[in-house]
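In case you want the letters, here they are:
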Amino acid sequence: DLHSFPTRRSSDLLRKALDLKQLQLMYQPKFDAQTGVMIGVEALIRWQHPERGMIPPSRFIPLAEESGAIQAITEWVLSTACKQAKNWHETSNSAVTVAVNLSAYSLKRNKAPVMVQEALSETGLPPHLLELELTESMLIENDQHAEETLNDLKKLGISIAIDDFGTGYSSLSYLHRFPIDALKIDRSFVWNMNRSDSDLAIVVAIIAMAHSLKLKVVAEGVETDAQLASLKRNGCEIIQGYLLGKPTTPENIASNLQKKKRR
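Note that the structure is predicted; figures quoted are calculated from it, not measured.

(A) Examining unusual backbone geometry more closely. At N93, a position not held by glycine, the phi torsion is positive, near 55°. Within the fold, N93 resides in the loop between α3 (70-92) and β4 (97-101). Residue N93 is classed as exposed on the basis of its relative accessible area, which comes to 66%. One non-glycine residue, K214, lies in positive phi territory at about 60°. Along the polypeptide, K214 turns up in the loop between α10 (197-212) and β8 (216-220). You can call K214 exposed: its relative accessible area is 76%.

Encoded structure:
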């Protein structure tokens, strides 16, 4: 098990995995709730280990953060995702956004703006096609750096979304202090919204609050037609989940975009 290794050993393993191209990106589509058209993707990292098989990010990302290897991994994810999105943009002429999860490590050390600028410059991806996702807890724990860092990122022309919204313990004051474009409703609320009146109320309240602040809303973890219908009825703009699209390869995304182009 990875956790049996000392932190330095874990760091070496993860850096080696990066060098040996064992890390790979899958992309989960995001859809316009009203039209059903794919409008973006989220880049999701996987570790294809030669002996242990596919290792999910929940197993190795915490170790990467602990050991400091997360910075190199985040740079690779950002560069790879931007390059891929640029390729889709050129071959399909589609304005599909790519979302990348920003690590707490990068936010704390204010490394994100330089890292993003380099990725955009190297790949030529139009900035408006890149979105960074951060969690509520990251913003609150790094309050003194977060506002400055997010403002620097916004100057580059990218979008910023809050992931897992509704699970944090913060006041909501940061929503108008930080330059945020979208809220992603945590999947736990989406899963239970048709079984629990309180969870449905939370989803409806998040959508209404987001719209009053002129923010878009993404619902993740959408798995049933009933969930989709409720979200559409309450004005959620963007849908992500197994009902409409599982994480898939860049080639499958490209194929879907080509089909859309031919219509």
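There is more to say, and it comes next.
(B) Here's a closer look at the packing of aromatic side chains. Taken as a whole and assessed by the stated rule, the structure comprises three aromatic pairs. Considering the side-chain rings of Y174 and F178, the 6.1 Å spacing of their centres and the 40° angle between planes classify their relative orientation as tilted. Each member of the pair Y174 and F178 is classed as buried.

(C) Molecular detail of the packing of helix α5 (residues 112-123) against helix α7 (residues 143-154). Running from amino to carboxyl end, α5 crosses α7 at an angle of 15°, the nearest separation of the two axes being 9 Å. For the element pair α5 / α7, the angle class is roughly parallel. Note that α5 runs across α7; the crossing there is right-handed. In this structure, α5 contributes A112, P113 and V116 to the contact, and α7 contributes T149, D152 and L153. Residues belonging to the contact of α5 with α7 are distributed by class as follows: four nonpolar, one polar and one charged.

(D) Just the environment of L156, in detail. With respect to the element layout, L156 can be found in the loop between α7 and β6 (159-165). Considered as a pair, L156 and H128 are 28 residues apart in the sequence and their alpha carbons are 8.8 Å apart. Residues contacting L156, with those up to four places away along its chain left out, are P113, V116, Q117 and P127.

Conventions and cut-offs
- Residues numbered from 1 in each chain as written.
- Predicted model: local features only at pLDDT ≥ 70, side-chain atom pairs only at ≥ 80, totals over all residues.
- Heavy atoms only, no water.
- Helix = DSSP H or I, 4+ residues; strand = E, 2+ residues; numbered from the N terminus.
- Buried < 20%, exposed > 50% of the residue type's maximum accessible area, 1.4 Å probe, protein only.
- Phe/Tyr/Trp six-rings, centres within 6.5 Å; stacked < 30°, edge-to-face > 60°.
- Axes fitted to C-alpha atoms, helices over the stretch in contact; angles between N-to-C directions.
- Parallel < 35°, antiparallel > 145°, perpendicular 65-115°, else oblique.
- Left-handed = near helix turned anticlockwise from the far one by under 90°.
- Contact = heavy atoms within 4.5 Å.
- Nonpolar A, V, L, I, M, F, W, Y, C, P; charged D, E, K, R; others polar.

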